[in-house]
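Take a look at the letters that make up each chain.
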Protein chains: 2
Amino acid sequence: MDMKIILASGSPRRRELLNQIGLDYEVMVSEAAEVTQATEPAEICRELACLKARDVAATLAREASEKTGEDGARKGHTLVIGSDTIVAADGRILGKPADREDARRMLRLISGREHQVYTGVAAVEMDGGEIVSETSFTDATDVYVSQLTEADIGWYLSTGEPFDKAGAYGIQGYFARFVEKIDGDYNTVVGLPVGRLWRDIIRHYK
Amino acid sequence: MDMKIILASGSPRRRELLNQIGLDYEVMVSEAAEVTQATEPAEICRELACLKARDVAATLAREASEKTGEDGARKGHTLVIGSDTIVAADGRILGKPADREDARRMLRLISGREHQVYTGVAAVEMDGGEIVSETSFTDATDVYVSQLTEADIGWYLSTGEPFDKAGAYGIQGYFARFVEKIDGDYNTVVGLPVGRLWRDIIRHYK
């Protein structure tokens, strides 16, 4: 099947992962407000992934209805992929740090122990301008961080890497020197579980 | 301590990992013959890592002795890092594929199950032209590959990625779509366990 893929995320790391596994896609960033009633990390990120994918799908549907009958209407199947990543320790969510002290607090919290990274994925399938199905899941990976000294934390803050990242670290960056091991899909930690995305969703359309 | 790091490997993936964790280093590729009496994968790759690091250290020592008394002699501490990676399934070693059919055989072998990736690391510490200590370890990671169809294998062979890689795959490449999970350090699979290298060795010199 000739399936067009649209990534409903502006994250460069997610784009890189789709490039890495050799998929062609377009990017349309969702403008949806990230609001959910869910309380568990696994459920929150799955719902937010759905919100993002549905928002972009709605935009596509609107575009299609405006162009009904014209040659410009989007033909064929489209798969809109939304994704959201949450870092949690003891079930408490660690978002992007508000400032340097907040980042320091998070790094102290994840030092010398394991925590979880959850990435929710949603795929909305469209045929022309119609939504025909929606699939979603959450994948979770345990990350074991080595004992960080105050000097380690000071150095890591000085790299500037923590400040735009949930949990105040990037496993694909300098922080790799502090990671002992993971149990799960590495790419779930990076921001998109491309193994399960391929296995459970995309391969069925190819 | 002002410690100079020399990577005794020409592998671009190992270089990228040292860059990623923010280390300055030079590259001097070992010319040593990769011969060992060891029979277990974990021991083989540790020994080969030692061979590579010692070979480069011997070159440095020779250079230093030729320059004794001159300003050009290498002053201060140097850490020479050697590394070797082995892929094994059921204790049987999967090297770089000889050809397309050999790659196909390996991919069928790792399909739908776990296998192990071992990376041996050796660090030879030098003071001036003298070797003062040697440390080595092997880190192992389990990799769980999803069930591959003949079409998957045919597609993956067509990317050209398998042919220069032990086990006929690169986890940091297209093959990520076929990886279910790992248990261990991701970078051990890529080719250099930078977490343990930092934790057990380099941090003690910084």
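Residues numbered from 1 in each chain as written. Chains lettered and ligands numbered in written order. Predicted model: local features only at pLDDT ≥ 70, side-chain atom pairs only at ≥ 80, totals over all residues. Heavy atoms only, no water.

Caption draft 1: View of the layout of surface pockets. Residue and element names in this part refer to chain A. Volume-wise, the largest pocket comes out at about 680 Å³. In terms of lining, the largest pocket is formed by 33 residues, of which the most central are R14, D84, T85, K96 and A166. At the level of elements, α1 (12–20), α2 (41–66), β3 (77–89), β4 (92–94) and α5 (186–190) are the ones that each hand at least two residues to the lining of the largest pocket. It is β3 that provides the largest number of residues to the lining of the largest pocket, a total of four residues. Its residues placed into classes, the lining of the largest pocket shows 16 nonpolar, nine polar and eight charged. (1 Å grid on protein atoms, 1.4 Å probe; cavity = no way out; pocket = protein on both sides within 12 Å on 5 of 7 lines; lining within 4 Å. Points joined across faces, edges and corners; volume = space filled by probe spheres on them. Helix = DSSP H or I, 4+ residues; strand = E, 2+ residues; numbered from the N terminus. Nonpolar A, V, L, I, M, F, W, Y, C, P; charged D, E, K, R; others polar.)

Caption draft 2: Just the side chain of A:N187, in detail. When you line up the elements, A:N187 lands in helix α5. Beyond its immediate stretch of four places on either side in the chain, A:N187 contacts A:L17, A:L192, A:P193, A:V194 and B:A176. (Contact = heavy atoms within 4.5 Å.)

Caption draft 3: Structural context of the interface of chain A and chain B. Contacts between the two partners involve 31 residues from chain A, matched on the other side by 31 residues from chain B. Buried surface at the junction of chain A and chain B, both sides included, amounts to about 2,400 Å², of which 47% is carbon and sulfur. Linking chain A with chain B are six salt bridges. As a salt-bridge pair, B:D152 and A:R203 come within 3.0 Å of each other at their nearest N and O atoms. Scanning the region where chain A abuts chain B turns up 16 residue pairs in polar contact (both at pLDDT 80 or more). At the level of elements, α1, α4 (150–158), β7 (179–184), α5 and α6 (194–201) of chain A are the ones that each hand at least two residues to the side of chain A that touches chain B. Counting residues per element, the side of chain A that touches chain B draws most heavily on β7(A), which supplies six residues. Considered class by class, the residues forming the side of chain A that touches chain B number twelve nonpolar, eleven polar and eight charged. The pairing of β7(A) with strand β7 (residues 179–184) of chain B spans three bridges and is antiparallel. (Buried area = accessible area lost by both parts, 1.4 Å probe. Salt bridge = Lys/Arg side-chain N within 4 Å of Asp/Glu carboxyl O. Polar contact = N/O pair within 3.5 Å; in protein donor to acceptor, adjacent residues only side chain to side chain. Pairing = 2+ DSSP bridges.)

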